[in-house]
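Results of the structural survey
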Amino acid sequence: MFYFCVKYTLMKSQLLLPYRYKRIGWIILIPCLVLGLLKWAIINDHQTLTYVVNIYYKNVFFDIVTTVLVAGILAGALLVVFSKEKQEDEFIEKLRLSSFGWAILINYLILFFCNLLFYGWSFLNIIAVNMFTTLLFYIIRFNYLLIRSKRS
Amino acid sequence: MISTLKVERAIKDITQEELARIIGVSRQTINAIEKKKYVPSTVLALKIARYFEKPVEAIFKLETED
């Protein structure tokens, strides 16, 4: 079954999930993003340390809330980005590709200047946020182009 | 590229929405072609031409700078 799914997607040469996954993605992304921003901005120092036994480190303390929120933001954003529109066609595909290019360019331009302007821990903070910004810039740009082409 | 799609659509008296549904694309695509913001693929151009029962060159023509 999985083999046929992979074969089908490769044949169609587009790695996109069906439209219904987009809604699931939004449902996961929005609460995780809001909670993540709140945690990052307000309660940055307070960590809910959890003890786990890990095969690599024998035993580790880690912040479970951060881990769950990061997983939620990434999973939600990936589902939103890599699922089809209601009516997927060649024009939407063009918008998709141009948005990808735009998002990667803007993301790395910002990172380039941040590298020159911020140092040490503040730069590390920026890198932490930078984990998500490529996907988020893509989502913003793609939806902006989509809404603009719908209106006119 | 010059496109007479809007004119052809007016002659047939069909909306962007209806044409998009018949051809199997989104309404934005038809709109973008009419606004010269998007050049359709050969397959889509042929599909549009087939619907209007005309050769492709009757709907899409090259401009001098193309």
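Please read all numbers here as calculations on a predicted model, not as lab measurements.

Some details on the overall build of chain B
In terms of helices and strands, chain B carries 5 helices and 2 strands. The secondary structure elements of chain B, listed N-terminal to C-terminal, are β-α-α-α-α-α-β. Considered along the principal axes of its C-alpha atoms, chain B spans approximately 30 × 20 × 20 Å. Across the 66 residues that make up chain B, the buried fraction comes to 41%. Within chain B, contacts between residues at least 6 apart in sequence are counted, and of these 56% link residues at least 24 apart. For chain B, the accessible area works out to roughly 4000 Å², and carbon and sulfur atoms hold 56% of it.

So, a positive patch on the surface
A cluster of basic residues, Arg148 of chain A together with Lys6, Lys35 and Lys37 of chain B, forms a positive patch at the surface. When you line up the elements, Lys35 of chain B lands in the loop between helix 3 (27-34) and helix 4 (42-52).

Let's talk about the confidence of the model for chain B
All names here are of chain B. For chain B, the average pLDDT comes to 90, and 100% of its residues sit at 70 or higher. Element-level mean pLDDT values for chain B span from 88 in strand 1 (residues 2-3) up to 92 in helix 4. For this predicted complex, the interface confidence reaches an ipTM of 0.84, while the overall pTM sits at 0.81.

Considerations on helix 5 (residues 120-151) of chain A
End to end, helix 5 of chain A covers 45 Å across 32 residues, agreeing with the expected 46 Å (1.5 Å per residue, within 8%). Within helix 5 of chain A, burial applies to Phe123, Asn130, Phe132, Thr133, Leu135, Tyr138, Ile139, Phe142, Leu145, Leu146 and Ser149 of chain A. For helix 5 of chain A, the secondary structure elements touched by its buried residues are helix 2 (20-41), helix 3 (64-81) and helix 4 (90-117) of chain A together with helix 3 of chain B.

With respect to the packing of helix 2 of chain A against helix 5 of chain A
Residue and element names in this part refer to chain A. As a packed pair, helix 2 and helix 5 sit with axes 13 Å apart at the nearest point and diverge in direction by 140°. Here helix 5 runs oblique to helix 2, going by the angle between their axes. By crossing handedness, the relation of helix 2 to helix 5 is classed as left-handed. Between helix 2, through Lys22, Trp26, Leu29, Leu33 and Trp40, and helix 5, the contact on the second element is made entirely by Asn125, Val129, Leu136, Ile139, Phe142 and Asn143.

Notes on the interface of chain A and chain B
Listed as interface residues are 10 residues of chain A and, on the opposing side, 14 residues of chain B. Summing both sides of the interface, chain A and chain B together bury roughly 1000 Å²; the carbon and sulfur share of this comes to 44%. Seen at the junction of chain A and chain B, the total is 0 salt bridges. Summed over the shared surface of chain A and chain B, the number is 7 residue pairs in polar contact (both at pLDDT 80 or more). Broken down by secondary-structure element, the contributors of at least two residues to the side of chain A that touches chain B are helix 4 and helix 5 of chain A. For the side of chain A that touches chain B, the leading source of residues is helix 4 of chain A, giving 4 residues.

Let's talk about empty space enclosed by the protein
All names here are of chain A. This model, assessed by the stated rule, comprises 1 cavity of 30 Å³ or more. At 4 residues, the largest contribution of residues to the lining of the largest cavity is made by helix 5. Of the residues assigned to the lining of the largest cavity, the class counts are 6 nonpolar, 1 polar and 2 charged.

About the thresholds
- Residues numbered from 1 in each chain as written.
- Chains lettered and ligands numbered in written order.
- Predicted model: local features only at pLDDT ≥ 70, side-chain atom pairs only at ≥ 80, totals over all residues.
- Heavy atoms only, no water.
- Helix = DSSP H or I, 4+ residues; strand = E, 2+ residues; numbered from the N terminus.
- Buried < 20%, exposed > 50% of the residue type's maximum accessible area, 1.4 Å probe, protein only.
- Contact = heavy atoms within 4.5 Å.
- Areas by Shrake-Rupley, 256 points an atom, 1.4 Å probe, with all protein chains shown as cover.
- Patch = residues over 30% accessible without salt bridge, like charges linked within 9 Å, V, L, I, M, F, W, Y side chains within 5 Å.
- Salt bridge = Lys/Arg side-chain N within 4 Å of Asp/Glu carboxyl O.
- Lys, Arg positive; Asp, Glu negative; His and termini not counted.
- Charge placed at Lys NZ, Arg CZ, Asp CG, Glu CD.
- pLDDT = per-residue confidence, 0-100.
- Expected span 1.5 Å × (residues − 1).
- Axes fitted to C-alpha atoms, helices over the stretch in contact; angles between N-to-C directions.
- Parallel < 35°, antiparallel > 145°, perpendicular 65-115°, else oblique.
- Left-handed = near helix turned anticlockwise from the far one by under 90°.
- Buried area = accessible area lost by both parts, 1.4 Å probe.
- Polar contact = N/O pair within 3.5 Å; in protein donor to acceptor, adjacent residues only side chain to side chain.
- 1 Å grid on protein atoms, 1.4 Å probe; cavity = no way out; pocket = protein on both sides within 12 Å on 5 of 7 lines; lining within 4 Å.
- Points joined across faces, edges and corners; volume = space filled by probe spheres on them.
- Nonpolar A, V, L, I, M, F, W, Y, C, P; charged D, E, K, R; others polar.

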